[in-house]
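# Observations on the model geometry
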Amino acid sequence: MARVIAVVNQKGGVGKSTTALNVSAYMASFGKRTLLVDTDPQGNASSGIGIEKDALKYSIYDSIIDEVPLTSVIQKTIIPGLDIVPATLKLAGAEVELVSALSRETRLAACLEPVLGDYDFVFIDCPPSLGLLTINALVAANSLLIPVQCEYYALEGLRQLLDTIELVRRHLNRSLVIEGFLMTMHDSRTNLSQQVVEDVKNHYGSKVFRTVIPRNVTLSEAPSFGLPIIRYDPKSRGALAYEELAKEVLERGEEKTGQRIGRPDSWR
Ligand code: ADP
Ligand code: MG
């Protein structure tokens with residue numbers, strides 16, 4: 001049965017898609033059967049792995065809204081062992097259409113259920129909002145990977161995210177846990193980056209991944225070639241960091257450290 005990990009943060013530009021895409025590629029390279037699910041209408045994870053969105057017959061929209069089986073939507077990628085459920089701009093409509101739909105929060109979980117036995121890992125790339133698409137991801141997930149950009153306002157917004165997670169946990173997905181907070185775009189030349197890492201560690205302790213993702217230009221170049229970093233430049237610092245992160249996610253699974261998140265008050 002797959003472990004389903006959603007990569008979530010309602011802030012845009014914090015490294016969600018970069019993380020979902022690259023950690024998926026490394027998991028597959030370790031021999032884990034991996035599915036990357038793109039739930040962002042921007043489709044950055046899809047194009048970043050080389051999917052030609054215009055050529056698609058189906059995308060995740062068709063599964064969530066029109067109940068097309070996920071097996072008809074899943075595409076192979078250039079990485080052996082890594083499949084993807086792509087997203088296109090059409091998905092923007094789903095956010096609105098879901099509002100009046102039946103079982104609107106559990107659609108994605110229902111779509112995924114029949115394929116969970118085919119994979120070891122499912123990574124869900126979330127859109128930059130706390131709308132119904134993100135809620136669907138929180139309901140479908142076993143755990144959450146939360147990228148936090150190393151910048152001054154890093155902690156801002158996390159409170160609201162954690163409150164939402166707690167609501168989902170209480171009403172829709174009791175077993176949801178936090179896999180970890182991932183510090184991204186770390187710049188070792190600035191004190192600020194280090195300060196932000198310390199702040200987040202003070203707040204969230206051992207829930208912060210040991211691996212820190214450096215700011216590394218190769219990570220931002222790779223998507224324009226439709227390549228994950230493992231193919232674009234596997235020796236770059238960004239590549240080594242994502243390889244390390246994938247190993248850490250594997251370790252955490254083995255240790256079963258995914259404890260339940262506490263009440264929101266305990267996260268202050
Ligand atoms: P999100 O999905 O949270 O909106 P992205 O993963 O798309 O964020 O990242 C935002 C931008 O920053 C993208 O252009 C991406 O290529 C770039 N980027 C992400 N992580 C890094 C990094 N560690 N170093 C340099 N650029 C990065
Ligand atoms: Mg994104």
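For the structure, check the block above.
Residues numbered from 1 in each chain as written. Chains lettered and ligands numbered in written order. Predicted model: local features only at pLDDT ≥ 70, side-chain atom pairs only at ≥ 80, totals over all residues. Heavy atoms only, no water.

## Quick look at the packing of aromatic side chains
- For the structure on display, the rule yields four aromatic pairs.
- Their ring planes at 75° and their centres at 5.0 Å tell us that Tyr152 and Tyr153 sit as a pair that is edge-to-face.
- Residues Phe181 and Tyr204 carry aromatic rings whose centres are separated by 4.3 Å and whose planes lie at 15° to one another, so their mutual orientation is stacked. Taken together, the residues Phe181 in strand β7 (residues 177-184) and Tyr204 in helix α9 (residues 191-204) connect sequence positions 23 residues apart. Both residues of the pair, Phe181 and Tyr204, belong to the buried class.
- Across from the ring centre of Phe209, 4.3 Å away, lies the NZ or CZ of Arg252, which sits over that ring. (Phe/Tyr/Trp six-rings, centres within 6.5 Å; stacked < 30°, edge-to-face > 60°. Helix = DSSP H or I, 4+ residues; strand = E, 2+ residues; numbered from the N terminus. Buried < 20%, exposed > 50% of the residue type's maximum accessible area, 1.4 Å probe, protein only. Lys NZ or Arg CZ within 6 Å of the ring centre and 35° of its normal.)

## Description of the site of ligand 1
- Of all residues adjacent to ligand 1, which total 14 residues, the nearest are Gly13, Ser17, Thr18, Pro214 and Asn216.
- Measuring from an oxygen atom of ligand 1, one finds a backbone N or O atom of Gly13 at 2.7 Å.
- Thr18 is positioned with one of its side-chain polar atoms (N or O) 2.5 Å from an oxygen atom of ligand 1.
- When residues of the shell around ligand 1 are traced back to their parent elements, those giving at least two are α1 (16-29) and α10 (217-221). (Near = heavy atom within 4 Å. Polar contact = N/O pair within 3.5 Å; in protein donor to acceptor, adjacent residues only side chain to side chain.)

## Some words on unusual backbone geometry
- Of note in this structure, Ser103 is not a glycine but carries a positive phi near 40°.
- If you trace the backbone, Ser103 turns up in the loop between α5 (91-97) and α6 (107-112).
- Its identity is not glycine, yet Met185 carries a phi of approximately 55°, on the positive side.
- Mapped onto the fold, Met185 is located in the loop between β7 and α9.

## Describing the pairing of β7
- Burial analysis of β7 places eight of its eight residues in the buried class, which makes it a mostly covered element.
- As paired strands, strand β6 (residues 143-149) and β7 are joined by seven bridges and run parallel to one another. In the strand pairing of β7, Gln149 is matched with Thr184.
- Read from β6 through helix α8 (residues 158-171) to β7, the crossover connection turns out right-handed. (Pairing = 2+ DSSP bridges. Right-handed = clockwise from strand over helix to strand, strands pointing away.)

## Focus on the nonpolar core
- Core analysis: the largest hydrophobic core is formed by 55 residues, its most contacted members being Leu112, Val122, Ile124 and Ile146.
- In terms of residue count, the dominant contributor to this core is helix α7 (residues 132-140) (seven residues).
- Once you skip the residues sitting within four places of it in the chain, Val122 turns out to touch Ala2, Arg3, Val4, Ile5, Leu35, Val37, Leu112 and Leu116. (Core = buried A, V, L, I, M, F, W, Y, C linked by side-chain atoms within 4.5 Å. Contact = heavy atoms within 4.5 Å.)

## Some words on the packing of α1 against helix α12 (residues 237-255)
- The geometry of α1 relative to α12 is characterised by a closest axis approach of 9 Å and an angle of 70° between their N-to-C directions. Judged by the angle between their axes, α1 and α12 are roughly perpendicular. Packed against α1, whose contacting residues are Thr18, Thr19, Asn22, Val23, Tyr26 and Met27, the element α12 presents Ala239, Tyr242, Glu243, Leu245, Ala246, Val249 and Leu250 at the interface.
- Along the lines of polarity and charge, the residues of the contact of α1 with α12 split into nine nonpolar, three polar and one charged. (Axes fitted to C-alpha atoms, helices over the stretch in contact; angles between N-to-C directions. Parallel < 35°, antiparallel > 145°, perpendicular 65-115°, else oblique. Nonpolar A, V, L, I, M, F, W, Y, C, P; charged D, E, K, R; others polar.)

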